[in-house]
Amino acid sequence: MTELLIESDRIERQYWRDLWRYRELFFFFAWRDLLVRYKQTIVGVSWSLVRPLLTMVVLTVVFGKLGKMPSGGMPYPLLVFCGMLPWQFFSAAMSESANSLVSNSNMISKIYFPRLVITVSSVMTTMVDFAISAIFLVGLMMWYHFVPPLNVLLLPAFVLLVFGAALGSGLWFAALMVEYRDFRFIVPFVAQFGLYVSPVGFQSSIVPIRFRLLYALNPMVGIIDGFRWSLLGRSSDIYWPGLAIAVLEVIVLLGTGIWYFRKTERTFADVI
């Protein structure tokens, strides 16, 4: 005699297994988002270069020429772009992932699949822009005849850090935006404000030493410092206590983001 056992919490226990079974959706959503983003554009993926290039020029003029910020002997455009590379990825990934659930509300309300797929694929999409910008950075280094140090071998660790920071914040904002649409206005403000309170257009070393630990509570400070240190190789570019704080904050942000997302996921289809 065959027994049929119905378990009410089966979906919860099978969730991570389902996430693996639906792994093709990660690439499907990422590819779809790329096609939609650059559809009917004149310069296409070149926008991935135009935006950081213009931002680099503005920050170089404002902080380097007008503000007379120190560069430690480095070409200021190179200093700025090394800091802008992780920031552009973080802000774009956070914004895209925050809006991912609301943008796919019709699909969420009709069929079942792990909703985490949508948010993670949004972050994966911005990795393409990140890679294109990284190629431009290589060209910029060649222009200034700069050879990266051996520290560059640790660059993947910092890429993983910024990915975790973007995904963790994106999970929080995506889940909150389903219920509170006010976050549509909060997220762009956070991205814009964060550009100026993070060491993108300047070095964090200009912050007085008595305030550096407080300044390092912004996780992007340690991550941007780490990028510059791995790409430019100067010990003055990194504040090790700040990096330790950034690693701890990313772990907490990602862990709590997944927890809150999973906690509220079962109500997405009803609320959205």
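For the structure itself, look to the data block above.
Below is a short write-up of the structure. (Residues numbered from 1 in each chain as written. Predicted model: local features only at pLDDT ≥ 70, side-chain atom pairs only at ≥ 80, totals over all residues. Heavy atoms only, no water.)

**Quick look at the environment of Arg210**
Here Arg210 is to be found in helix H11 (residues 209–215). Taking the C-alpha atoms as reference points, Arg210 and Glu96, 114 residues apart in sequence, are found 36 Å from one another. (Helix = DSSP H or I, 4+ residues; strand = E, 2+ residues; numbered from the N terminus.)

**As for the side chain of Ser169**
Mapped onto the secondary structure, Ser169 falls in helix H9 (residues 155–179). Engagement of the side chain of Ser169 in a polar contact is seen with the backbone oxygen of Ala166, the distance being 3.1 Å. Here Ser169 is in contact with Phe90, Met94 and Leu253, once residues within four sequence places are set aside. (Polar contact = N/O pair within 3.5 Å; in protein donor to acceptor, adjacent residues only side chain to side chain. Contact = heavy atoms within 4.5 Å.)

**Some remarks on the environment of Ile118**
Within the secondary structure, Ile118 sits in helix H8 (residues 116–143). Accessibility expressed as a relative area gives 2% for Ile118, which makes it buried. When the C-alpha atoms of Ile118 and Asp129 are compared, they prove to be 18 Å apart, with 11 residues separating the residues in sequence. Excluding anything up to four places from it in sequence, Ile118 contacts Phe29, Ser100, Leu101, Asn104, Ile108 and Phe113. (Buried < 20%, exposed > 50% of the residue type's maximum accessible area, 1.4 Å probe, protein only.)

**Quick notes on the packing of aromatic side chains**
Inspection of every chain in the model, using the stated rule, returns 14 aromatic pairs. Ring geometry for Trp172 versus Tyr260: centroids 4.6 Å apart, planes at 15°, classification stacked. With a gap of 88 residues between them, Trp172 in helix H9 and Tyr260 in helix H13 (residues 240–265) connect regions that are remote in the sequence. Taking relative accessible area as the criterion, Tyr260 reaches 15% and is therefore assigned buried. Taken together through their ring pairs, the aromatic side chains of Phe89, Phe130, Phe158, Phe163, Phe227, Trp229 and Trp240 make up a single cluster. It is Arg23 that lies over the ring of Trp20; its NZ or CZ is 4.2 Å from the centre. (Phe/Tyr/Trp six-rings, centres within 6.5 Å; stacked < 30°, edge-to-face > 60°. Lys NZ or Arg CZ within 6 Å of the ring centre and 35° of its normal.)

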